[in-house]
Amino acid sequence: MWGGRFAEGPDAIMEAINASIGFDRRLAPQDIAGSRAHAAMLAATGILSYSDAEMIREGLLTVLSEIETGSFAFSTALEDIHMNVEARLTEIIGDPAKRLHTGRSRNDQVATDFRLWVREQCDMAEDALLALMRACLDQAEAGADWVMPGFTHLQTAQPVTWGHHMMAYVEMFGRDLSRLRDARTRMNECPLGAAALAGTSFPIDRQMTAEALGFAAPCANSLDAVSDRDFALEYLAVASISAMHLSRLAEELVIWSSAQFRFVRLSDRWSTGSSIMPQKRNPDAAELLRAKLGRIFGANVALMTVMKGLPLAYSKDMQEDKEQVFDAADNWLLALRAMGGMVADMTANRDALRAAAASGFSTATDLADWLVRALGLPFREAHHVTGALVAMAEAKACDLADLTLADMQDVHDAITEDVFGVLTVDASVASRVSYGGTAPKEVRRQAARWREVLG
Ligand code: ARG
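Scoring rules and cut-offs
Residues numbered from 1 in each chain as written. Predicted model: local features only at pLDDT ≥ 70, side-chain atom pairs only at ≥ 80, totals over all residues. Heavy atoms only, no water. Helix = DSSP H or I, 4+ residues; strand = E, 2+ residues; numbered from the N terminus. Buried < 20%, exposed > 50% of the residue type's maximum accessible area, 1.4 Å probe, protein only. Contact = heavy atoms within 4.5 Å. Areas by Shrake-Rupley, 256 points an atom, 1.4 Å probe, with all protein chains shown as cover. UniProt positions renumbered as here; feature names shortened; annotations may be inferred. 1 Å grid on protein atoms, 1.4 Å probe; cavity = no way out; pocket = protein on both sides within 12 Å on 5 of 7 lines; lining within 4 Å. Points joined across faces, edges and corners; volume = space filled by probe spheres on them. Nonpolar A, V, L, I, M, F, W, Y, C, P; charged D, E, K, R; others polar. Core = buried A, V, L, I, M, F, W, Y, C linked by side-chain atoms within 4.5 Å. Domains from an automatic or database assignment. Phe/Tyr/Trp six-rings, centres within 6.5 Å; stacked < 30°, edge-to-face > 60°. Lys NZ or Arg CZ within 6 Å of the ring centre and 35° of its normal. Pairing = 2+ DSSP bridges. Axes fitted to C-alpha atoms, helices over the stretch in contact; angles between N-to-C directions. Parallel < 35°, antiparallel > 145°, perpendicular 65-115°, else oblique. Near = heavy atom within 4 Å. Polar contact = N/O pair within 3.5 Å; in protein donor to acceptor, adjacent residues only side chain to side chain. Patch = residues over 30% accessible without salt bridge, like charges linked within 9 Å, V, L, I, M, F, W, Y side chains within 5 Å. Salt bridge = Lys/Arg side-chain N within 4 Å of Asp/Glu carboxyl O.

(A) Up close: the overall build of the protein. If you tally the helices and strands in the protein, you get 19 helices and 6 strands. Projected onto the principal axes, the alpha-carbon positions of the protein cover approximately 100 × 50 × 40 Å. Looking at the protein residue by residue over its 455 residues, the buried ones come to 49%. Pairs at least 24 residues apart make up 74% of the contacts formed inside the protein by residues separated by at least 6 positions. Here the protein has roughly 21300 Å² of accessible surface; of this, 54% comes from carbon and sulfur atoms.

(B) Up close: the UniProt feature "domain: Argininosuccinate lyase C-terminal" (unreviewed entry) in the protein. UniProt annotation of "domain: Argininosuccinate lyase C-terminal" (unreviewed entry) refers to residues 361-430 when read in the numbering used here. Between the C-alpha atoms that bound residues 361-430 the distance is 17 Å, and the span itself is 60% helix and 0% strand.

(C) Molecular detail of the UniProt feature "domain: Fumarate lyase N-terminal" (unreviewed entry) in the protein. UniProt feature "domain: Fumarate lyase N-terminal" (unreviewed entry): in the numbering of this structure it lies at residues 4-298. Annotation note: span residues 4-298, helix share 60%, strand share 6%, distance between end C-alpha atoms 40 Å.

(D) Looking closely at empty space enclosed by the protein. Using the criterion set out here, one finds 1 cavity of 30 Å³ or more in the structure. Approximately 30 Å³ is the volume attributed to the largest cavity. Together, D31, S35, L60, H82, V85, E86, L100, R104 and Q109 line the largest cavity. Top element by residues in the lining of the largest cavity is helix 5 (residues 81-93). It accounts for 3 residues. Of the residues in the lining of the largest cavity, the class split is 3 nonpolar, 3 polar and 3 charged.

(E) Examining the nonpolar core more closely. W162, L246, W332 and M339 are the most contacted members of the largest nonpolar core, which has 99 residues in total. Element by element, the count of residues in this core is highest for helix 6 (residues 106-142), at 14 residues. Each of domain 1 (12-102) and domain 2 (107-144 + 159-202 + 214-349) contributes no fewer than three residues to this core. Ignoring sequence-local partners within four residues, the contact set of M339 consists of L132, L246, L249, A250, L253 and L289. If you look at the next biggest cluster of nonpolar residues, it comprises 21 residues, including V385, L400, V422 and L423.

(F) Focus on the domain arrangement of the protein. Entries for the protein in the domain assignment read domain 1 (12-102), domain 2 (107-144 + 159-202 + 214-349) and domain 3 (360-423). Computed from C-alpha coordinates alone, the two centres of domain 1 and domain 3 are separated by 77 Å.

(G) A look at the packing of aromatic side chains. Going through the model one piece at a time under the given rule, you end up with 11 aromatic pairs. Here the aromatic rings of F151 and F261 are separated by 6.2 Å at their centres, their planes lie at 55°, and the arrangement is tilted. Here F151 is found in strand 1 (residues 147-152), whereas its partner F261 is found in the loop between helix 10 (230-256) and strand 5 (264-265), with 110 residues between them in sequence. Residue classification places F261 among the partly exposed positions, given a relative accessible area of 23%. Here a set of aromatic residues connected by ring pairs shows up, and it is made of F151, W162, W256, F261 and F263. Above the ring of F74, the side-chain terminus of R25 is found at 4.2 Å from the ring centroid. Above the plane of the ring of F326 lies R26, whose end atom (NZ or CZ) is 4.9 Å from the centre.

(H) Structural detail: the pairing of strand 2 (residues 155-161). As paired elements, strand 1 and strand 2 share 6 bridges and run antiparallel to each other. Paired with V147 across the bridge in strand 2 is T161. The antiparallel hairpin formed by strand 1 and strand 2 contains 2 residues in its connecting segment, where H153 sits at a positive phi of about 60°.

(I) Inspection of the packing of helix 11 (residues 284-292) against helix 12 (residues 294-307) at higher detail. Running from N to C, helix 11 and helix 12 point in directions that differ by 15°, and their axes come no closer than 4 Å. For the element pair helix 11 / helix 12, the angle class is roughly parallel. Counting all contacts with helix 11, which are made through R290, A291 and K292, the residues of helix 12 involved are G294, R295 and I296. Among the residues forming the contact of helix 11 with helix 12, the class breakdown is 2 nonpolar, 1 polar and 3 charged.

(J) Region of interest: the site of the ligand. Within the structure, the ligand sits among S20, D80, H82, R106, N107, V110, Y314, K316, Q319 and K322. A distance of 2.9 Å is found between a nitrogen atom of the ligand and a side-chain nitrogen or oxygen belonging to N107. Within the side chain of K322, a nitrogen or oxygen atom sits 2.6 Å from an oxygen atom of the ligand. For the ligand, whose unbound accessible area comes to 340 Å², protein coverage reaches 86%. At 3 residues, the largest contribution of residues to the shell around the ligand is made by helix 6. Across the shell around the ligand, the residue classes break down as 2 nonpolar, 4 polar and 4 charged. Taken domain by domain, the makeup of the shell around the ligand includes at least three residues from each of domain 1 (12-102) and domain 2 (107-144 + 159-202 + 214-349).

(K) Representation of a nonpolar patch on the surface. On the surface, M1, W2 and F6 cluster together to form a nonpolar patch covering roughly 350 Å² of accessible area. Considering the arrangement of structural elements, one finds F6 in the segment before helix 1 (12-18).

What follows is the structure in structure tokens.
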């Protein structure tokens, strides 16, 4: 394709380091879509005859079906998907194929193909993210008033509701969704027609190709169009933050499904057994996605590193963008779908959640708040009195609610029988009615808002 000024072919190692066909063959459908749009535009602007354009169109469809059915012979000598497709098109239709690359370069071609590919990934990730959000929302609605321990430092902090905990993930995934949509909107500009870097002297219509490929507009600056990989980086950044959220939930599922916690039971479909220990139900999907998601962070750093030292415009370094994004995208989608399946199928153990909620003096803050409200103690003093009561309960190996009124009055003589009203976990969560709080009523309000968004 470029041998005109060369006397010798490339060294075998040169060919190996230069070729991208081993991975960029994944861009074949996008490459062919781009070429079809380009050819149609060349005909509409009179740069190409309609009969040539028609032969190109039909030839490209044949190439596509050869690739889809697996009969296409990819060649490393032809470097990449763009040259592989064009060479095969030339074999099939002859001379008209040689006119296809008019007013175009592989630089704008690859930038276009890759944007189309990443944009499609955004749409697939959006669907998977929405399914996961609905699964979390279903869980939240079912258990809006199921009490469980809320943790800080993984130590029992205050009772919360299962619905509240699930809705926290809906919020996180909702931000991921909004970031994903923002990224998709920003990437939706078409590099095609930027040519090698400077634009072209042919009277091309960039508006037309942009529109044909579903882009909102052509990229405004041809140098930027071929140099820019922000769209891939932003996608990886969005995926990284989402991966971090997924990994936190995965970690919770691993902890919660243990015999020590028993907060959830993962379904058989989402558990594995042990080859030696017959009793085991392992949360392998949660563990694997927790581990795999690191690859997305890696891809993000790798591509930032590829890009950071590149002068404008195109450098071959940029060929290293694809494998990272492909791997990250595959694993992100897999993780989103696995998490969606696990959450949809899991059963929360209401009794275990309740029993755990009551242990660890989880209503100590309620007691302190009561001392402030009922007795008018300053909060710091109430904190101190409650601390003494917790120490007393700990010494007696009982819960706060099991102390007698006399015990309590030994610590502070103004305490009355009313205090017992705030020591239950149900009273505790019911009282947390502040906006965004854990009260079942408030959780149901949060859930209803999201139900309207998610359907
Ligand atoms: N395979 C190349 C890539 O992925 C296509 C662009 C090549 N352009 C060039 N001038 N060598 O980036």
